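Observations on chain architecture
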Amino acid sequence: MKNILITGGAGFIGSHVVRRFVKNYPNYNIYNLDALTYAGNLENIKDIQNESNYTFLKGDIVDETYINEIFEKYQFEGVLHLAAESHVDRSITDPLAFVKTNIIGTVNLLNAFKKIWKDNFDGKRFYHISTDEVYGSLGETGLFTETTSYDPNSPYSASKASSDHFVRAYGETYGLPYVLTNCSNNYGPFHFPEKLIPLFINNIINKKPLPVYGDGNYTRDWLFVKDHAVAIDLVFHQGKNHETYNIGGFNEWKNIDLVRLLCQKMDEKLGRKEGESEQLITFVKDRPGHDLRYAIDASKINKELGWMPSVTFEEGLQETINWYLDNTEWLNNVTSGEYSKYYEKQYQ
Ligand SMILES: NC(=O)c1ccc[n+]([C@@H]2O[C@H](COP(=O)([O-])OP(=O)(O)OC[C@H]3O[C@@H](n4cnc5c(N)ncnc54)[C@H](O)[C@@H]3O)[C@@H](O)[C@H]2O)c1
């Protein structure tokens, strides 16, 4: 049995990765380390909590002593690092929280991993999960490749870019065996409703305004979260050491077109009149430093590891909408309390 650490496994993407690894790899002991911030929720992984190869560790990656202790105790042979502060808007109001978790937290994990394996990294792997936002903004054309220069524009992307650089630097300086992926926007079940798709699904359900930044022409590439989890599994097991892979959905949407599609699908599903939810669209003051367009060239992971998204956007979006409508208790739980205060501050 190998001991594998997954950080941030109570969050959105992490919960899908933990579930996949616990179910598919009975020869791994999966340790899910999560601080349970506002974004972490044990309900996201309730279905696997009693599996014999699963252990939850509540802890903060910023706490160096604690991180060193658990690495000493469990001798993790593999690390999949997803824990992060992940919301751009929050990074604009509190950049230091992003420096602490995304940069210092990552360096703590690298140090602890280096400390226990420094004499023999054979068969060990540190996998850092990152974002396409580190590349900055594209114009109307072009794609981010693995060799595109980093040019982050938000405190969030700057902190992720910094953590990526530390991971690479530990590879070069100490020979630490790492893989790194930069992925586009994910969507799917268990997504915290501060991000565009679940926020708008929740607001459409409740007939609340749909706050679209600026003129709505910002463009993003969207990937279904379960396809991201498959890519993460492949890269962890088959990716080459010291390599970066871009992951994307081959699926670019202008925000306003995406919101209109969502309104149409929700109206159909809720039995509302055609065009009813579109009337909720409200253009709001733009986010400062808002990147115009992100788009990913995912041909390297496709050619080298044979990965492609398995569902179309139509299918993924329908599954997502169905999931939120079937899980209103989850949605109500996460949108009560602190969430409503945050929402008022951000959009009113
Ligand atoms: N969501 C996306 O579209 C997307 C796209 C590309 C890359 N990523 C990256 O994937 C990773 C996961 O993103 P997500 O959307 O699932 O994020 P999320 O915000 O849903 O989850 C983050 C998790 O990390 C935990 N966490 C936060 N700070 C912590 C700390 N100091 N110590 C321990 N745990 C802590 C939270 O409790 C939460 O469970 C992040 O590294 C993010 O940068 C996300």
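Up top is the structure.
To start, this report covers the structure provided alongside it. Keep in mind the model is a prediction, meaning the values are calculated, not measured.

1. Examining the overall build of the protein chain
Looking only at helices and strands, the protein chain has 12 helices and 12 strands in total. Relative to the 2.2 N^0.38 estimate, which gives 20 Å for 348 residues, the radius of gyration of the protein chain is 20 Å and therefore close to what a compact globule would have. Each principal axis of the C-alpha atoms in the protein chain carries an extent, and together these give about 65 × 45 × 40 Å. Per-residue burial over the protein chain gives 57% buried out of 348 residues. Working note: accessible area of the protein chain is about 14,700 Å², and carbon and sulfur atoms make up 48% of it. Looking at charge distribution, the protein chain has the averaged site of its 35 positive side-chain charges lying 2 Å from that of its 46 negative ones.

2. So, the site of the ligand
Inspection of the region around the ligand gives 29 residues, with Ile13, Asp34, Ser86, Tyr156 and Lys160 positioned closest. Measuring from an oxygen atom of the ligand, one finds a backbone N or O atom of Gly11 at 2.9 Å. Here the ligand has 840 Å² of accessible area as a free molecule, and 96% of this is covered by the chains. Listing elements by their share of the shell around the ligand, those giving two or more residues are helix H1 (12-24), strand S5 (125-131), helix H5 (155-174) and strand S7 (185-187). The greatest single-element share of the shell around the ligand, amounting to 3 residues, is contributed by S5. Grouping the constituent residues of the shell around the ligand by class yields 14 nonpolar, 12 polar and 3 charged.

3. Remarks on the sheet that holds strand S2 (residues 28-34)
Pairing within the open sheet is parallel, and its 7 strands lie in the order S3-S2-S1-S4-S5-S6-S10. The open sheet has two edge strands with one neighbour each: strand S3 (54-58) and strand S10 (243-247). Taking the axes of each pair of neighbouring strands and ignoring which way they run, one obtains an average angle of 20° across the sheet. Where strand S1 (residues 2-7) lies against S2, 6 bridges are found, and the strand directions are parallel. Across the sheet, Thr7 pairs through a bridge with Leu33, a residue of S2. Seen against the sheet, helix H4 (residues 95-117) touches S1, strand S4 (78-81) and S5 and runs at an angle of roughly 165° to S5. Across the sheet, H5 lies against S5, strand S6 (178-183) and S10, angled at about 155° from S5, the strand it touches most.

4. As for the packing of helix H8 (residues 255-270) against helix H10 (residues 313-326)
The interhelical angle for the contact between H8 and H10, taken along N-to-C directions, is 55°, at an axis separation of 11 Å. Put simply, H8 runs oblique to H10. Crossing handedness for the pair H8 and H10: right-handed. Residues Leu258, Leu261, Leu262, Lys265, Met266, Lys269 and Leu270 of H8 pack against Phe313, Glu314, Leu317, Gln318, Ile321, Asn322 and Leu325 of H10. When the residues that make up the contact of H8 with H10 are grouped by side-chain class, the tally is 9 nonpolar, 2 polar and 3 charged.

5. Regarding the nonpolar core
In this structure, Ile6, Val17, Phe21, Ile30, Leu80, Tyr127 and Ile301 are the most contacted members of the largest nonpolar core, which totals 35 residues. The leading source of residues in this core is helix H7 (residues 225-238), at 7 residues. Beyond its immediate stretch of four places on either side in the chain, Phe21 contacts Ile6, Tyr28, Ile30, Asn53, Leu80, Asp233, Phe236 and His237. Membership of the second largest hydrophobic core comes to 33 residues, among which are Phe190, Ile197, Leu261 and Trp323.

6. Points about H8
Here H8 contains 16 residues, and its C-alpha end-to-end distance of 22 Å stays within 8% of the 22 Å for a straight helix at 1.5 Å per residue. Of all the residues in H8, the buried ones are Asn255, Ile256, Leu258, Val259, Leu261, Leu262, Cys263, Lys265, Met266 and Asp267. Buried residues belonging to H8 abut helix H6 (196-205), strand S8 (210-213), strand S9 (219-224), strand S11 (252-254), strand S12 (281-284) and H10. Looking at the residues trailing H8, positive phi occurs at Gly271, about 70°.

7. A closer look at the sheet that holds S9
Ordered in space as S7-S9-S11, the 3 strands form an open sheet in which the pairing is mixed. Here the strands that pair on one side only, and so sit at the sheet edges, are S7 and S11. Strand-to-strand twist in this sheet, taken as the mean axis angle between neighbours without regard to direction, amounts to 50°. In this fold H7 packs onto S7 and S9, with an angle of close to 70° to the strand it touches most, S9.

8. Brief notes about unusual backbone geometry
For Leu36, which is not glycine, the phi torsion reads 55° and is therefore positive. Checked against the element boundaries, Leu36 lands in the loop between S2 and S3. Taking the relative accessible area as the measure of exposure, Leu36 reaches 26% and is therefore partly exposed. Of note in this structure, Phe250 is not a glycine but carries a positive phi near 50°. Examined against the element boundaries, Phe250 turns out to sit in the loop between S10 and S11. Relative accessible area serves as the criterion here: at 49%, Phe250 is assigned to the partly exposed category.

Basis of the calculations
Residues numbered from 1 in each chain as written. Predicted model: local features only at pLDDT ≥ 70, side-chain atom pairs only at ≥ 80, totals over all residues. Heavy atoms only, no water. Helix = DSSP H or I, 4+ residues; strand = E, 2+ residues; numbered from the N terminus. Rg over C-alpha atoms; globule rule 2.2 N^0.38 Å. Buried < 20%, exposed > 50% of the residue type's maximum accessible area, 1.4 Å probe, protein only. Areas by Shrake-Rupley, 256 points an atom, 1.4 Å probe, with all protein chains shown as cover. Lys, Arg positive; Asp, Glu negative; His and termini not counted. Charge placed at Lys NZ, Arg CZ, Asp CG, Glu CD. Near = heavy atom within 4 Å. Polar contact = N/O pair within 3.5 Å; in protein donor to acceptor, adjacent residues only side chain to side chain. Nonpolar A, V, L, I, M, F, W, Y, C, P; charged D, E, K, R; others polar. Pairing = 2+ DSSP bridges. Axes fitted to C-alpha atoms, helices over the stretch in contact; angles between N-to-C directions. Contact = heavy atoms within 4.5 Å. Parallel < 35°, antiparallel > 145°, perpendicular 65-115°, else oblique. Left-handed = near helix turned anticlockwise from the far one by under 90°. Core = buried A, V, L, I, M, F, W, Y, C linked by side-chain atoms within 4.5 Å. Expected span 1.5 Å × (residues − 1).

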